[in-house]
Amino acid sequence: MLHPDRLFPSDPTQRDIARRLYAEVGHLPIISPHGHTDPSWFAKNEAFPNPAALFVVPDHYAFRMLYSQGVALESLGVPRTDGGAVESDPRKIWRQLAQNWHLFRGTPTRMWLDHAFETVFGVTERLSGASADRIFDQIDACLQKPEFLPRALFERFNIELLATTESPLDTLEHHRAIRESGWKGRVITAFRPDPVVDPEFEGFQANVERLGALSGENTGTWAGYLAALRNRRQYFKEVGGATSTDHGHATATTADLSDADAERLFEKALRGTITAAEAEIFRGQMLTEMAKMSLDDGLVMQIHPGSFRNHNPGVFERFGRDKGADIPTGTEYVRALKPLLDRVGNERDLTIILFTLDETSYARELAPLAGHYPALRVGPAWWFHDSPEGMRRYREMITETAGFYNTVGFNDDTRAFCSIPARHDVARRVDCAFLARLVAEHRLEEDEAAEVAVDLAYTLAKKAYKL
Amino acid sequence: MLHPDRLFPSDPTQRDIARRLYAEVGHLPIISPHGHTDPSWFAKNEAFPNPAALFVVPDHYAFRMLYSQGVALESLGVPRTDGGAVESDPRKIWRQLAQNWHLFRGTPTRMWLDHAFETVFGVTERLSGASADRIFDQIDACLQKPEFLPRALFERFNIELLATTESPLDTLEHHRAIRESGWKGRVITAFRPDPVVDPEFEGFQANVERLGALSGENTGTWAGYLAALRNRRQYFKEVGGATSTDHGHATATTADLSDADAERLFEKALRGTITAAEAEIFRGQMLTEMAKMSLDDGLVMQIHPGSFRNHNPGVFERFGRDKGADIPTGTEYVRALKPLLDRVGNERDLTIILFTLDETSYARELAPLAGHYPALRVGPAWWFHDSPEGMRRYREMITETAGFYNTVGFNDDTRAFCSIPARHDVARRVDCAFLARLVAEHRLEEDEAAEVAVDLAYTLAKKAYKL
Amino acid sequence: MLHPDRLFPSDPTQRDIARRLYAEVGHLPIISPHGHTDPSWFAKNEAFPNPAALFVVPDHYAFRMLYSQGVALESLGVPRTDGGAVESDPRKIWRQLAQNWHLFRGTPTRMWLDHAFETVFGVTERLSGASADRIFDQIDACLQKPEFLPRALFERFNIELLATTESPLDTLEHHRAIRESGWKGRVITAFRPDPVVDPEFEGFQANVERLGALSGENTGTWAGYLAALRNRRQYFKEVGGATSTDHGHATATTADLSDADAERLFEKALRGTITAAEAEIFRGQMLTEMAKMSLDDGLVMQIHPGSFRNHNPGVFERFGRDKGADIPTGTEYVRALKPLLDRVGNERDLTIILFTLDETSYARELAPLAGHYPALRVGPAWWFHDSPEGMRRYREMITETAGFYNTVGFNDDTRAFCSIPARHDVARRVDCAFLARLVAEHRLEEDEAAEVAVDLAYTLAKKAYKL
């Protein structure tokens, strides 16, 4: 199923160049500095239970498409928030995927799954209603074997480093366990403070209280709250190996309030009297606070704005968060980031990586910003745009203004472990294809393109994330 | 003039694949589920009067370009609202088109007209000042012949189904006449209620009164008004064969008011005291009302937002609506559609087809929405984007998130009868070209691409529009 | 370094067509109707001092990229506003560029500099840390020779016409000196009234006073202010050969106030009591005033909106304007231009050229507007988008709705003299590549494409700018 020239241009001149460039990068170790895999997999190293549990139930890319065409989430085994019954037979779940396989034509999900089926599990026929059971059985049989345990796959995937993402309220027990186990796989955490810096997050007040307990600081005061965050950042660095923070706000709004004003908003947030507009400013202020802390502790900041989370209340009530109902929105950066940039934009030792779900910002806002401010870099094509066309547009719209070196290589951002090699391979191929066009059109010489290809596949991520 | 490989990639690998895919779809019957042709053509079956009346006077694509370069609309025979004199010699009008033919280089209008000239009228030389009269005479001579009457052309164009668009105030006399004539051509209507659901439409109050008279309901009350709309929908289904409604609002705003609030706005609208902001909410409410009615009667909803109609007051006063002065605007969907989607988005038996004039919404909003909500589909590239580059961008930006099967095939949306085969042919070729690239880059296998090509050219439109 | 096929498609069919088209236009004289070169260069005809002063210090494209990666502007010799010390050794500055040459891979800056190095100075090796001194010496040696003086280069660059941009407060002494020198190079000015029509411009009140002094009008009154502007426009036409005006507003807002309202705002502006919102309306009113004056005196209007100027206060305070910290923002045209268009949009003898930094407006707003209004044309891809990918997107998104003939050829918009031939060459090549694709895909015949290529490279600019 996997052609060696996949994703390369079909023009022979470009294809030959792309092949040569890819030969330099296809085998490089994977640096995965941002993602959402579960550290307990590597701490416990238990077998993945079955093909449906591995590929369907946890992957919102997969089940959102099925849902969009009328397949009930219950029938796909997606757990209900009320604990009500959902399909529990993995084979039946798998068949739904197989029978609707045509829906995924032309999507990256199809490409990632085909890649995992073939390269990880040795599947050589196309998924369909007819082949569903055979492929299920083949994958299922593999999963029982030691060489398909999480750590074995991690090594086989040639992962040099994998970052997960945890809340400040997480004890990092799995990361601690991994370290203590003696296993040499490098799994680190990233500090994702949304639950304790977003006054509109479910359980904000309780979260802040818990933050105080974990850090031994009095989070009932603004100063104590900041100290607690500093404390947990330090803990994440020491225990979880964190080199970065991650911020998933609805917008890119930042603020630079006086201490007194920030304190006032914090008190309102704690009392639950903060308005929506004030909460937006508070979140913006916290980005600036995080940036100031990064100046001290060196953590790289990642800002992931622009998703309208839980857009479908029916799905949210029945199934909870992260069920494929997050929808991108137009995102403005130039005015929104100004308070933050006025404060720290010229710092050379700070790295703030900006992501977007709004591709119109690439050439108009992000590349011009990152092509000027020393503190800014542009993160890779993200989420819905983590795809061949999305990555191509990203390079076409970013490079001419920001160059390659204000970008940071690839993030897979995935919850689906087996998609990691597939996603990195797609990124490497698409970048090689892009570079091959530049070379074929005499806009870049091939020796330079080869250097860039390695930087995009490996070096830039290590450097940007201080790995 | 028409090369058999037109619109196919010039790369030989891709071109060969595109040729094979097109061989499967080029000859398929035309399903035209959305457009603005005149049903009286098929009811009366009278000869089109002359080349200018067929190709220039009614086609805002054609005369807007000439106008933009200083050609007066009067000189093109466009009727004045005050009945004042305009050019009446079709040959003189035709010569203006011919002498300015270079303006259309690179535009779809040029491609559609060339296609009609050659395939319908056998013209084999390029239009120009020099050839103007010869081509005029050739087309004019054809138009007198029986095989160029509307029904004959309909059959020759291999149209399996053609939908027109009528207001609820239309008696559908032409559709009735077509049915009663015994002619087997399938021409159906679509229900376009803008004149009776938009408080800012010219003559809204009188329109609502007329709606009452036609339906036998008391449209002076909110309940009677809704009943009248239900009644006319039923009439459109029964007499006009309608399977869909169509909504041309300035924005995608929807609302889900209480009955009491909706009633209050309706009363203000009737009294003419509704504000612009309230009118916007009322239109939004009516989309939700229409969706609820669709749940009962099964009509497919089409939402066509985002055009700033009649942008040029000078042209509007002198020549009226639809004179090439409608300009697209930025259109937000994620927040705008939420009230409607909260109400009906999870309905599997409802189909709402979203169109846009704002291409930035493809990858950012429409594909993520349609790739999640069971009730949503994305309509094809529309109006200014119904063009080779527009269609290519559409597929590149929609497919990776929504797949092919959350789209609905092609709509020609035309008032220009002879452009129908040309437009469908362009769409089929561009889709084959897109698919050929996927195949050539090993992102889709050719047997799958062939299935998709047929679905895009024929099957999806029939299914989405319940034809 | 410069391949003869650079920027042409690598597909042999398209490449051959592109070569043939380029053969018709590569050698045509340069029309540069909009830019920011310094007229004193041609008035005084003094040698450029050294390679750094020519290529680095004044070029914000070059130093912004270096700054974004942590190179201090002081170390690049960029003058400080406080007159403090900055690097003064041109060789050290040059080495910074050379050592960071990889940052420019894939950018137009790299392409322009390579073009200038090779075609103007005969450099044949790639810039790098190792070659820095050799190339510095080679260019430096050239600069001492008479054939590298500004006028000689102007002639060698085959420039038929070059427009600079001056404020109404400029005396045009250099333009006068050029004319009086007897040199036959055609250097004209353009009228850029921002300092006297934008109440938020530094020194607005003093500027308006100086405008009065220069024109002999009483600019303390609205009528006198307008008369003064008319007077200076006439002066720019007569003394500077101006055929156009240029307007660099933050947005595309226009207004069409009553005389009394305009006068009231003007008085507030003079007194310094105008609010930000009123200043925005006043600027918009001044665009309409300028358009009305253009109806009388025939000057072509250029509107360049959408840049957030001086986004970085730290850089602005230390180094002043135009230091690479201007960032594009989303720009709305359809509503913003309506007051102006309602007034003059249907005028056939007026030409208003619209530019954008927001590519989303190409297909959605600018092409539909210019494809309808006789007074409108779309300016070429601008600033951050003056690049191969930017130009390609421009043609792909503009042409299908506006055609080629509602565009105006190429503007280089540069401050960097040696980049002029490079930039025009890039534009010609990208346009030939775009046309070659249309021809190869049988969307345009080659004889027509050849005509278009010449029009885009030469004729349209002369016609649109009345040269």
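Per an unreviewed UniProt entry, chain A goes by the name Uronate isomerase and belongs to Azospirillum baldaniorum. The UniProt entry for chain A carries the following text under Pathway (unreviewed entry): "Carbohydrate metabolism; pentose and glucuronate interconversion." Listed under Sequence similarities (unreviewed entry) in UniProt, the entry text for chain A is "Belongs to the metallo-dependent hydrolases superfamily. Uronate isomerase family."

Student: Would you mind showing me how to read the environment of Phe-201 of chain C here?
Tutor: Residue and element names in this part refer to chain C. Among the structural elements, Phe-201 can be located in the loop between helix 10 (194-197) and helix 11 (204-215). With 69 residues separating them along the chain, Phe-201 and Leu-270 place their C-alpha atoms 12 Å apart. In contact with Phe-201, not counting residues within four places along its chain, are Asp-194, Pro-195, Asn-207 and Arg-321.

Student: Honestly, helix 20 (residues 446-464) of chain B in this entry has me stumped. Any pointers?
Tutor: Think of an α-helix as turning once every 3.6 residues; residues three or four places apart then point the same way. Residues and elements named next belong to chain B. Its maximal kink placed at Leu-456, helix 20 deviates by approximately 55°. Glu-448, Ala-449, Val-452, Ala-453, Asp-455, Leu-456, Ala-457, Tyr-458, Leu-460, Ala-461 and Ala-464 are the residues of helix 20 that are buried. Of the residues one or two after helix 20, Lys-466 is the one with positive phi, at around 55°.

Student: What is the right way to read the interface of chain C and chain A from this model?
Tutor: Between chain C and chain A, the residue contacts involve 50 residues of the former and 44 residues of the latter. Note on chain C versus chain A: buried area summed over both sides is about 3,900 Å², and carbon and sulfur give 50% of it. Of all residues in chain C, Ser-10, Arg-105 and His-311 of chain C give up the largest surface area on contact with chain A, accounting jointly for 17% of the area buried on that side. Linking chain C to chain A there are 10 salt bridges. Between Arg-437 of chain A and Glu-389 of chain C there is a salt bridge; the shortest N-O distance is 2.8 Å. Counting the contacts that link chain C with chain A gives 32 residue pairs in polar contact (both at pLDDT 80 or more). Listing elements by their share of the side of chain C that touches chain A, those giving two or more residues are helix 4 (60-68), helix 6 (108-121), helix 15 (313-319), strand 7 (327-328) and helix 18 (388-402) of chain C.

Student: Looking at this structure, I do not really get the domain arrangement of chain A. What am I missing?
Tutor: Where interface size is given, it is often the accessible area lost as the parts come together that is meant. Residues and elements named next belong to chain A. As assigned here, chain A comprises domain 1 (12-46 + 149-464) and domain 2 (47-148). Between the C-alpha centres of domain 1 and domain 2 there is a distance of 27 Å. At the junction of the two partners, domain 1 supplies 35 residues and domain 2 supplies 29 residues. Both faces combined, the contact of domain 1 with domain 2 buries some 2,700 Å², and carbon together with sulfur accounts for 64% of it. Taken as a group, Arg-318, Phe-319 and Cys-418 account for 22% of the area that domain 1 buries against domain 2, more than any other trio of residues on that side. Remark: the boundary between domain 1 and domain 2 carries 1 salt bridge. The residue Glu-74 makes a salt bridge to Arg-318 at a minimum N-O spacing of 2.4 Å. Applying the counting criterion to the domain 1 and domain 2 interface returns 9 residue pairs in polar contact (both at pLDDT 80 or more).

Student: Mind showing me how you'd approach the pairing of strand 4 (residues 244-247) of chain A here?
Tutor: All names here are of chain A. Every second residue of strand 4 is oriented toward a common face, with Ser-244 and Asp-246 on one face and Thr-245 and His-247 on the other, all of them buried. When strand 4 meets strand 5 (residues 300-303), the two strands line up parallel, connected through 4 bridges. Bridge pairing links His-247 to Ile-303 in strand 5.

Student: What is the right way to read the sheet that holds strand 3 (residues 187-188) of chain B from this model?
Tutor: In any sheet, the strands associate via hydrogen bonds between backbone groups, in a parallel or an antiparallel arrangement. All names here are of chain B. Sheet architecture is open: 3 strands sit in the order 1-2-3, paired in parallel fashion. Only two strands of the sheet have a single partner each, and these edge strands are strand 1 (30-32) and strand 3. The sheet contact formed by strand 1 and strand 2 (residues 159-163) spans 3 bridges and is parallel. Each bridged residue has a counterpart across the sheet, and for Ile-31 the counterpart in strand 2 is Leu-161.

Student: Please clarify how the relation of the copies chain C and chain A should be interpreted in this entry.
Tutor: For these two chain copies, the linking operation is a rotation about an axis paired with a shift along it. Between chain C and chain A, which share one sequence, the superposing operator has a rotation angle of 120° and an axial displacement of 0.0 Å; the RMSD is 0.0 Å. The transformation just described matches what one would write down for a three-fold rotation axis. Every residue of chain C has its C-alpha some distance from the rotation axis, and the shortest such distance is that of Asp-11 of chain C, at 3.6 Å. In this assembly the copies use different faces: only 4% of the residues contributing to the interface of chain C also contribute to that of chain A.

Student: Teacher, can you tell me more about the packing of aromatic side chains here?
Tutor: Working definition: an aromatic ring pair is given by the centre-to-centre distance plus the angle between the planes. Applying the stated criterion to the full structure yields 93 aromatic pairs over all chains. For the ring pair Phe-42 of chain A and Phe-417 of chain A, a centre distance of 5.1 Å and an interplane angle of 70° mean the geometry is edge-to-face. You can see Phe-42 of chain A sitting in helix 2 (residues 39-44) and its partner Phe-417 of chain A sitting in the loop between helix 18 (388-402) and helix 19 (419-440), a full 375 residues away along the chain. Like Phe-417 of chain A, Phe-42 of chain A is buried. Put simply, the rings of Phe-55, Trp-94, Trp-101, Phe-104, Phe-117, Phe-121, Phe-136 and Phe-148 of chain A touch in pairs and so form one group of aromatic residues. Above the plane of the ring of Tyr-61 of chain B lies Arg-423 of chain B, whose end atom (NZ or CZ) is 5.0 Å from the centre. The cationic tip of Arg-423 of chain B hangs over the ring face of Trp-112 of chain B; the distance from NZ or CZ to the ring centre is 3.7 Å.

The rules behind the values
- Residues numbered from 1 in each chain as written.
- Chains lettered and ligands numbered in written order.
- Predicted model: local features only at pLDDT ≥ 70, side-chain atom pairs only at ≥ 80, totals over all residues.
- Heavy atoms only, no water.
- UniProt positions renumbered as here; feature names shortened; annotations may be inferred.
- Helix = DSSP H or I, 4+ residues; strand = E, 2+ residues; numbered from the N terminus.
- Contact = heavy atoms within 4.5 Å.
- Bend = angle between axes of the 7 residues up to and from the residue.
- Buried < 20%, exposed > 50% of the residue type's maximum accessible area, 1.4 Å probe, protein only.
- Buried area = accessible area lost by both parts, 1.4 Å probe.
- Salt bridge = Lys/Arg side-chain N within 4 Å of Asp/Glu carboxyl O.
- Polar contact = N/O pair within 3.5 Å; in protein donor to acceptor, adjacent residues only side chain to side chain.
- Domains from an automatic or database assignment.
- Pairing = 2+ DSSP bridges.
- Least-squares fit on C-alpha atoms with pLDDT ≥ 70 in both.
- Phe/Tyr/Trp six-rings, centres within 6.5 Å; stacked < 30°, edge-to-face > 60°.
- Lys NZ or Arg CZ within 6 Å of the ring centre and 35° of its normal.

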